[in-house]
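# Inside the fold
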Amino acid sequence: MGASRRWELWRGEGGHSFFPGDHEAAKADASQDGLSLEWECEAAGYNDAMRQLYAHLGWGSYAPMTRKDGRPYPEDEGGAPK
């Protein structure tokens, strides 16, 4: 598993955006769109971050995309470089 990374949820009247905390272009876009930082979490990869986001928003269980054999993609589990 990869190292933990901060993920941020930005929300506003126009919707929401969820991305890694070090994604400066996404932050700039979210801010320009009138969104503001609402919540953040630490996760090793996209799937873990999405599980936490779903729990935070009360959306039920997150079901990640999987390969034909049912295993998650390594890059979504934190195995790929940032």
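In this text the structure is predicted, and so the values were computed from the model without any measurement. As a convention, each chain's residues are numbered from 1 in the sequence order in which they are written. A pLDDT threshold of at least 70 governs which residues receive local features in this predicted model, and a stricter bar of 80 or more applies before side-chain atom pairs are shown or counted, although totals over entire chains, interfaces and linings include all residues. Side-chain metrics rest on all non-hydrogen atoms present in the structure, leaving aside hydrogens and water.

Across the sheet, which stays open at both edges, the three strands sit in the order β2-β1-β3 with antiparallel pairing between neighbours. Two strands close off the open sheet at either side, each with one partner strand: β2 (15-20) and β3 (36-43). Sheet twist, expressed as the average angle between the axes of neighbouring strands with direction ignored, equals 20 degrees. Pairing between strand β1 (residues 5-12) and β3: seven bridges, direction antiparallel. Note on β3: the bridge partner recorded for Leu-9 is Trp-39. The contact criterion used throughout is that any non-hydrogen atoms of two residues lie within 4.5 Å. Helix axes are fitted only over the stretch in contact, all axes being lines through C-alpha atoms; the angle between N-to-C directions runs from 0 to 180 degrees. By definition, any uninterrupted DSSP run of H or I lasting at least four residues is a helix, any uninterrupted run of E lasting at least two residues is a strand, and each is numbered from the N terminus. Contacting β1 and β2, helix α1 (residues 24-32) crosses the sheet at an angle of about 15 degrees to β1. The sheet contacts of helix α2 (residues 46-57) involve β1, β2 and β3, and relative to β3 the element is tilted by about 130 degrees. When DSSP finds two or more bridges between a pair of strands, those strands are recorded as paired.

If you look at soluble globular proteins, the nonpolar side chains tend to sit buried side by side. Core analysis: the largest hydrophobic core is formed by eleven residues, namely Trp-7, Leu-9, Phe-18, Trp-39, Cys-41, Ala-43, Ala-49, Met-50, Leu-53, Leu-57 and Tyr-62. Looking at this core, the elements that each hand over two or more residues are β1, β3 and α2. The leading source of residues in this core is α2, at four residues. For Cys-41, the contacting residues outside a window of four places in its chain are Arg-5, Arg-6, Trp-7, Phe-18, Ala-49 and Gln-52. Here, the term nonpolar core denotes a set of buried Ala, Val, Leu, Ile, Met, Phe, Trp, Tyr and Cys residues that are joined through side-chain atoms within 4.5 Å. For the exposure calls, accessible area comes from a 1.4 Å probe over protein chains only, and a residue counts as buried if that area is under 20% of its type's maximum, exposed if over 50%, partly exposed in between.

For the rest of this paragraph, the subject is the confidence of the model for the protein chain. The share of residues in the protein chain with pLDDT of 70 or more is 93%, and the mean pLDDT across the chain is 90. A score from 0 to 100, pLDDT tells how confident the predictor is in each residue. Mean pLDDT per element in the protein chain: β2 is the minimum at 95, and β3 is the maximum at 97.

A side-chain nitrogen of Lys or Arg and a carboxyl oxygen of Asp or Glu constitute a salt bridge if their distance falls within 4 Å. All chains considered together, the criterion is met by eight salt bridges. Note that Lys-27 and Glu-8 form a salt bridge whose closest N and O atoms lie 3.6 Å from each other. Remark: Glu-8 occurs in strand β1 and Lys-27 occurs in helix α1; sequence separation between them is 19 residues. Overall, the relative accessible area of 17% leaves Lys-27 in the buried class. Close ionic contact of Glu-77 with Arg-51 constitutes a salt bridge, the shortest N to O distance being 3.8 Å. In this pair, Glu-77 is assigned in the segment after α2 and Arg-51 in helix α2, connecting sequence segments 26 residues apart. Within this structure, Arg-6, Glu-8, Glu-24, Lys-27 and Glu-40 form a network of salt bridges that share partners.

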